[in-house]
Amino acid sequence: MAQTAKELSSAPKAGNGNRNTNEVVIDCNISELYYGKFKAVRDTRIPIERNKITAFIGPSGCGKSTVLRCLNRMNDLVRGFRFEGHVHFQGKDIYHHSVDPVAVRRYIGMVFQQPNPFAMTIYRNVAFGLKLNGYEGNREERVEQALRDAALWDEVKDKLHTSALSLSGGQQQRLCIARAIATRPEVLLMDEPCSALDPIATRRIEELMLELKDSYTIAIVTHNLQQAQRAADKTGFLYVDTTQGGRTGYLVEYGVTKQVFEDPKEKHTQDYIHGRFS
Amino acid sequence: MSANIPDQTGGPRESISRQPTFIEKHSNTVFGWATYLFAWLTVLLVLYIVCVIGIQAAPAIRDYGWGFITGTTWDVNAHQYGVLPEIWGTMYSSLLALVIGALFGVAVAIFLSEHFLSSFVFSVGKLFGVQFHPLWAKLPDNFERILKNLIELLAAIPSVVYGLWGIFFVIPLIRPVCDWLNSNLGWIPIFNTTLSGPGMLPASIVLAIMILPTVSAISLNALLAVPPKLREASYGLGATQWETILAILVPTASKGIFGAIILAFGRALGETMALAMLVGNANVISWSLFSPANTLAALLANNFPEAGPKEVGVLMFAALILLGITLFVNMVGAFILQKASEPQEGVR
Ligand SMILES: Nc1ncnc2c1ncn2[C@@H]1O[C@H](COP(=O)(O)OP(=O)(O)O)[C@@H](O)[C@H]1O
Ligand SMILES: [Mg+2]
């Protein structure tokens with residue numbers, strides 16, 4: 001298992017100068033994905049590129065979260081989850097039977113729709129991942145850096161040892177981002193991170209994502225088209241196919257954000273972007 | 001109000017909003033007062049019980065005072081009464097039962113709340129590539145539900161049945177182990193007597209089983225009440241199942257678990273029949289797990305039937321002490337619970 005973990009992290013880190021522009025960090029290829037008997041997603045191939053923000057858009061229930069949660073094996077927690085295809089992280093199949101899902105989640109962090117800080121102090125929230133990874137170095141320094149990166153340090157530096165639940169929703173969400181990046185994972189998955197937040201907090205998180213993309217690779221699900229346009233480099237549009245009786249989501253179009261929004265190739269994409277259905 | 005609403009006559013689209021009627025308004029108030037009344041009646045009932053026992057115990061309190069609590073002999077003929085061994089036995093047996101019962105109870109609650117059984121069955125199935133047919137995919141879940149109900153059923157078994165089971169099953173079962181521990185590790189105070197039948201350990205084991213349903217049922221509810229998003233957060237950071245349970249779930253549910261343990265402790269302190277049958281009824285203060293002992297509740301149960309008028313007062317004194325201990329434990333528990341539930345502003 002330890003060897004696997006080493007392999008997972010073997011590729012050169014980003015930000016070392018030699019930034020390979022179109023390098024694919026996660027190559028996601030889902031041919032069929034089931035929850036029990038229900039076929040939730042089919043034919044979805046999305047490459048997630050290094051130091052870019054990749055957005056997933058689409059009507060609700062089309063499987064955006066499902067695809068995202070596939071990328072760090074969060075779906076393994078769902079009983080009856082089954083999946084055909086592969087997800088390669090830095091060239092290694094994370095669904096190979098020798099790979100521990102727990103290890104995958106340590107390299108591919110996640111921020112959820114609802115802010116979900118633990119009922120402990122701000123400091124201990126951020127240090128949680130450090131503890132899990134048995135980090136022996138200077139934890140205070142790491143916590144501070146993570147909070148600075150998440151643009152939260154100035155607001156909480158005087159109350160690190162108060163309960164995280166006393167923060168506002170937007171602060172809590174930034175705390176969750178800090179918690180996710182404290183261990184410096186390779187990739188950050190964000191599932192509608194702003195949907196529970198007001199517009200000002202939303203803008204802060206967007207600015208934050210743009211800052212973070214220098215050192216991380218980000219994949220984000222959003223139902224906010226402006227947000228995708230403002231922040232994302234690449235965009236994938238998923239749509240739900242009801243022709244075969246079920247409600248199976250699939251990838252309609254993937255490309256550079258500007259192209260997807262200004263010159264979509266597919267009719268479904270055009271309709272969606274112009275608000276002709278939801 | 002109604003004047004502003006356009007006048008519509010009849011038809012399904014007519015507004016049917018109206019002011020609450022006199023009865024609707026006032027039944028609300030009446031209901032409020034009724035709940036107040038019943039709440040205070042319970043308080044009064046407790047006070048009344050304390051008063052009655054206190055009045056009956058008054059002569060004994062006057063005659064024996066503190067000596068009753070510190071005395072170690074109980075001799076009806078010599079009119080010598082002391083309940084220190086019983087206080088000791090009550091606390092010792094309850095704490096011992098609590099340690100055993102809380103460990104098992106919380107373990108059972110975790111087992112059920114985390115669906116260990118179903119995940120095991122499903123992961124084995126997955127290993128062999130078995131598809132889950134809806135007909136039997138629910139089987140492990142149902143089995144878990146049955147298990148949960150069975151454990152709650154433990155609370156429905158009469159105390160005297162537990163006592164008999166303890167005498168005819170638990171004591172013979174543990175005797176060889178106790179003998180071995182006594183002969184090999186007898187230098188440790190808790191093993192330094194032999195088990196001659198009834199004693200502290202069998203009593204505590206049975207007591208632990210009796211309080212297990214309380215601990216597990218309330219802890220299970222507390223664990224199930226932990227928001228699923230916290231589980232997700234923990235797994236999402238790369239925590240294993242055990243790290244999630246120990247670092248997130250149990251601490252988040254700790255308030256409920258602690259409440260369960262206090263409640264169970266209160267039950268254990270007052271448990272009577274099974275202990276009267278199993279504890280040995282000997283006025284002994286000993287650390288030994290195998291030594292016979294006595295508890296306040298067992299003392300009362302054993303002595304009331306043949307008590308003369310004078311002894312009744314003495315027993316009432318003992319009852320008052322038992323009541324005091326249980327009330328004290330429950331109050332401390334409530335206090336700690338309240339402290340724990342306060343938002344931790346400014347605390348490390
Ligand atoms: N844990 C689950 N178990 C069963 N079905 C699920 C589960 N999660 C999602 N689904 C189903 O999968 C489909 C896609 O859901 P989701 O990925 O959450 O959509 P989106 O995030 O695009 O709104 C929906 O039809 C939903 O009902
Ligand atoms: Mg979603």
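Now for a quick tour of the structure. Here the structure is a predicted model, which is why all the values come from computation and not from measurement.

**Quick look at the overall build of chain B**
No. 1: The number of helices and strands found in chain B is 14 helices and two strands.
No. 2: Against the globule reference of 20 Å for 348 residues, chain B gives a C-alpha radius of gyration of 28 Å, more extended than a compact globule.
No. 3: Seen along its three principal axes, the alpha-carbon backbone of chain B occupies a region of about 90 × 65 × 45 Å.
No. 4: Put simply, 73% of the contacts in chain B that link residues at least 6 apart link residues at least 24 apart.
No. 5: Total accessible area on chain B is roughly 19700 Å²; 71% of this is exposed by carbon and sulfur atoms.
No. 6: Taken together, the 16 basic and 18 acidic charged side chains of chain B have centroids lying 8 Å from each other.

**What to know about the side chain of Glu206(A)**
Residue and element names in this part refer to chain A.
No. 1: Structurally, the position occupied by Glu-206 is in helix α8 (residues 199-212).
No. 2: In this structure the side chain of Glu-206 is engaged in a polar contact, spanning 3.1 Å, whose partner is the side chain of Gln-227.
No. 3: Residues contacting Glu-206, with those up to four places away along its chain left out, are Gln-227 and Arg-230.

**Observations regarding a nonpolar patch on the surface**
No. 1: Among the surface-exposed residues, Trp33(B), Tyr36(B), Leu37(B), Phe38(B), Trp40(B), Leu41(B), Val43(B), Leu44(B) and Leu47(B) lie close enough to one another that they form a single nonpolar patch of about 1000 Å² accessible area.
No. 2: If you trace the backbone, Val43(B) turns up in helix α1 (residues 22-64).

**A closer look at the site of ligand 1**
Residue and element names in this part refer to chain A.
No. 1: As a matter of local geometry, ligand 1 sits amid Tyr-35, Phe-38, Ala-40, Ser-60, Gly-61, Cys-62, Gly-63, Lys-64, Ser-65, Thr-66 and Val-78.
No. 2: Here an oxygen atom of ligand 1 and a backbone polar atom of Cys-62 are 3.3 Å apart.
No. 3: Measuring from an oxygen atom of ligand 1, one finds a backbone N or O atom of Gly-63 at 3.1 Å.
No. 4: Within the complex, the protein chains bury 64% of what would otherwise be the 560 Å² of accessible surface of ligand 1.
No. 5: For the shell around ligand 1, the secondary-structure elements that each account for two or more residues are β2 (38-49) and α2 (64-70).
No. 6: Considering every element that reaches the shell around ligand 1, the biggest residue donor is α2, with three residues.
No. 7: When the residues that make up the shell around ligand 1 are grouped by side-chain class, the tally is five nonpolar, five polar and one charged.

**Some words on the pattern of salt bridges**
Residue and element names in this part refer to chain A.
No. 1: Summed over the entire model, instances satisfying the criterion amount to 26 salt bridges over all chains.
No. 2: Among the salt bridges present, the one from Lys-52 reaches Glu-49, with a minimum N-O distance of 3.0 Å.
No. 3: According to the relative accessible area criterion, Lys-52 is buried, its value standing at 17%.
No. 4: Here Arg-148 and Glu-144 are joined by a salt bridge, their closest N and O atoms 2.7 Å apart. You can see Arg-148 and its partner Glu-144 sitting in helix α5 (residues 139-149), four residues apart, about one turn around the helix.
No. 5: A relative accessible area of 42% means that Arg-148 is categorised as partly exposed.
No. 6: On the accessibility criterion, Glu-144 (27% relative accessible area) is partly exposed.
No. 7: When salt bridges that share partners are traced, they join Glu-23, Arg-50 and Glu-186 into one network.

Reading the values: rules and limits
Residues numbered from 1 in each chain as written. Chains lettered and ligands numbered in written order. Predicted model: local features only at pLDDT ≥ 70, side-chain atom pairs only at ≥ 80, totals over all residues. Heavy atoms only, no water. Helix = DSSP H or I, 4+ residues; strand = E, 2+ residues; numbered from the N terminus. Rg over C-alpha atoms; globule rule 2.2 N^0.38 Å. Contact = heavy atoms within 4.5 Å. Areas by Shrake-Rupley, 256 points an atom, 1.4 Å probe, with all protein chains shown as cover. Lys, Arg positive; Asp, Glu negative; His and termini not counted. Charge placed at Lys NZ, Arg CZ, Asp CG, Glu CD. Polar contact = N/O pair within 3.5 Å; in protein donor to acceptor, adjacent residues only side chain to side chain. Patch = residues over 30% accessible without salt bridge, like charges linked within 9 Å, V, L, I, M, F, W, Y side chains within 5 Å. Salt bridge = Lys/Arg side-chain N within 4 Å of Asp/Glu carboxyl O. Near = heavy atom within 4 Å. Nonpolar A, V, L, I, M, F, W, Y, C, P; charged D, E, K, R; others polar. Buried < 20%, exposed > 50% of the residue type's maximum accessible area, 1.4 Å probe, protein only.

Purely geometric numbers; function is a separate question.
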